[in-house]
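# Fold and contact review
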Amino acid sequence: MRVLAVDTSSNTATVAVMEDELLLGEYTINHKKTHSQKIMVMISQLLSDLELTIEDIDVFAAAAGPGSFTGLRIGVETVKALAHASGKQVVGVGTLEALAYNLPYAEHIIVPVMDARKNRVYTASYIWDDGELKEIGEPEGITIEECIDACSNFIDTIFVGDGVMPHKDYIIDRLGENAHFPNVGGLSSASAVAALAMAKAKRGEVSDYISLKPVYLKKSQAEQELEQKFRCTNDGGE
């Protein structure tokens, strides 16, 4: 089974192809958020270098969220289009789970932290147990202070994701030596999405392209502004 996976949920654009347990190739760009311009080019180049075509892919996978609203839509819609064109099935993978999966068999609790702006983050917590990555804290959108408050109950915590650097000094100040930061594996990786999608596909957890949708933990900025405008209009009319 071959899986093509895409992750555009953050500043990083990444695509990978996996065949059973073997990673055939992966391209990653962490330079400007121009995913709409780059992701199809990256997919085409990777498939060309692997001497494969879209028809050679059995399952298409996307990092479905949470993350950047625009980024998620680009990745999900790209995968939906490819699956529709080729008549193949799709798998959605949680972005936070994929970030944690980048650190196989880590001894400590893994806390992915994705930047959600305005001092807020998307986060969850995971631990490797008997060779399996298990979720111990479900995904949520909270302030960085609330995130670190929760982590203060852990003995040691590994932080990964694009939300780490903006808050690294604060994390160290609060948690000291109990906070750990990997030298590699700290950003989004399509290979992790592909591996998780492969496992899901082999369990039969696939769907048609219509069913794949982004997973948001909060409303978009445009939706929030529209609601605020609506409230102000109603308040003014009372």
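From a predicted model like this one, the values you see are computed outputs, not experimental measurements.

Averaged over all residues, the pLDDT of the protein chain equals 91, while 91% of them reach at least 70. Low pLDDT, under 50, characterises residues 220-224; the predicted model gives this stretch four contacts beyond four residues in sequence or across chains.

So, about the nonpolar core. Membership of the largest hydrophobic core comes to 22 residues, with the highest contact counts inside it found for L4, I43, L47 and F60. If you list the elements that add at least two residues to this core, you get β1 (2-7), β2 (13-19), α1 (35-49), β4 (59-65) and α2 (69-86). Among residues more than four places away in sequence, those in contact with I43 are L4, V6, V15, T78 and L82. The next biggest cluster of nonpolar side chains, apart from the first, holds 17 residues, and it includes V3, V93, A194 and M198.

What follows concerns the packing of α1 against α2. Where α1 contacts α2, the two axes come as close as 10 Å, and the packing angle between them is 35°. When you trace α1 past α2, the crossing you get is right-handed. Contacts between α1 and α2 involve H35, S36, I39, M40 and I43 on the former and, on the latter, G71, I74, T78 and L82. Here the residues of the contact of α1 with α2 are counted per class, giving five nonpolar, four polar and no charged.

Further remarks concern the sheet that holds β1. Here we have five strands laid out as an open sheet, ordered β3-β2-β1-β4-β5, and mixed in their pairing. Edge positions in the sheet fall to β3 (22-29) and β5 (89-94), since each has one partner strand and no second. Mean inter-strand twist for the sheet, computed between neighbouring axes without regard to direction, equals 20°. Sheet contacts for α1: β1, β2 and β3; angle to β2, the most-contacted strand, approximately 25°. On top of the sheet, helix α6 (residues 190-202) reaches β1, β2, β3, β4 and β5; it is set at about 40° to β2, its chief contact.

Moving on: the packing of helix α4 (residues 144-151) against helix α5 (residues 164-175). Contact pair α4 / α5: the axes reach a minimum separation of 11 Å and the direction vectors enclose 35°. By crossing handedness, the relation of α4 to α5 is classed as right-handed. Contacts between α4 and α5 involve I144, E145, I148, D149 and C151 from the first element and H167, Y170, I171, R174 and L175 from the second. Taken together, the residues of the contact of α4 with α5 sort by class into six nonpolar, one polar and three charged.

Counted by the stated rule, this structure contains six salt bridges. A salt bridge links E21 to K202; the shortest N-O distance between them is 3.2 Å. A residue pair is termed long-range when its members are at least 10 positions apart, and E21 in the loop between β2 and β3 and K202 in helix α6 qualify at 181 residues. Among the ionic pairs, R203 bridges to E205, the shortest N-O distance being 2.9 Å. A relative accessible area of 54% means that R203 is categorised as exposed. The exposure class of E205 is partly exposed, given its relative accessible area of 40%. What you see here is one network of salt bridges that share partners, running through D20, E21 and K202.

The alternating pattern of strand β9 (residues 157-160) places T157 and F159 and I158 and V160 on opposite faces, both of which are buried. As defined by bridge partners, strand β6 (residues 109-115) adjoins β9 across four bridges and the pair is classed as parallel. Paired with I109 across the bridge in β9 is T157. Here two bridges tie β9 to strand β10 (residues 179-180), and the two strands are oriented parallel to one another. Among the inter-strand pairings, I158 is bridged to a residue of β10, identified as H180. Once the chain exits β9 it traverses α5 before rejoining the sheet at β10, and the crossover so formed is right-handed.

About the cut-offs
For every chain, the first residue of the written sequence is number 1, and numbering continues from 1 onward in sequence order. Local features in this predicted model are restricted to residues whose pLDDT is 70 or higher, and side-chain atom pairs enter the listing and the counts only when it is 80 or higher, whereas totals over whole chains, interfaces and linings include all residues. Side-chain numbers come from the whole structure's heavy atoms, not from hydrogens or water. Values of pLDDT, which run from 0 to 100, indicate the predictor's confidence residue by residue. Contact between two residues is taken to exist if any of their heavy atoms lie within 4.5 Å; hydrogens are not considered. Take the buried residues of types Ala, Val, Leu, Ile, Met, Phe, Trp, Tyr and Cys, join any two whose side-chain atoms come within 4.5 Å, and each joined set is a nonpolar core. Throughout this description, buried means an accessible area under 20% of the type-specific maximum (1.4 Å probe, protein chains only), exposed means over 50%, and partly exposed covers the range between. What counts as a helix is a DSSP run of H or I of at least four residues, what counts as a strand is a run of E of at least two, and both are numbered from the N terminus. Axes here mean lines fitted to C-alpha atoms, for a helix over just the part in contact, with angles spanning 0 to 180 degrees between N-to-C directions. Handedness of a crossing follows from how the near helix is turned relative to the far one, being left-handed for an anticlockwise turn of less than a right angle and right-handed for a clockwise one. Note on residue categories: nonpolar means Ala, Val, Leu, Ile, Met, Phe, Trp, Tyr, Cys or Pro, charged means Asp, Glu, Lys or Arg, and polar means any other residue, Gly included. At least two DSSP bridges between two strands are required for those strands to pair. One speaks of a salt bridge when a side-chain nitrogen belonging to Lys or Arg is within 4 Å of a carboxyl oxygen belonging to Asp or Glu. A crossover counts as right-handed when, viewed with the strands pointing away from the observer, the path leading from the first strand over the helix to the second turns clockwise.

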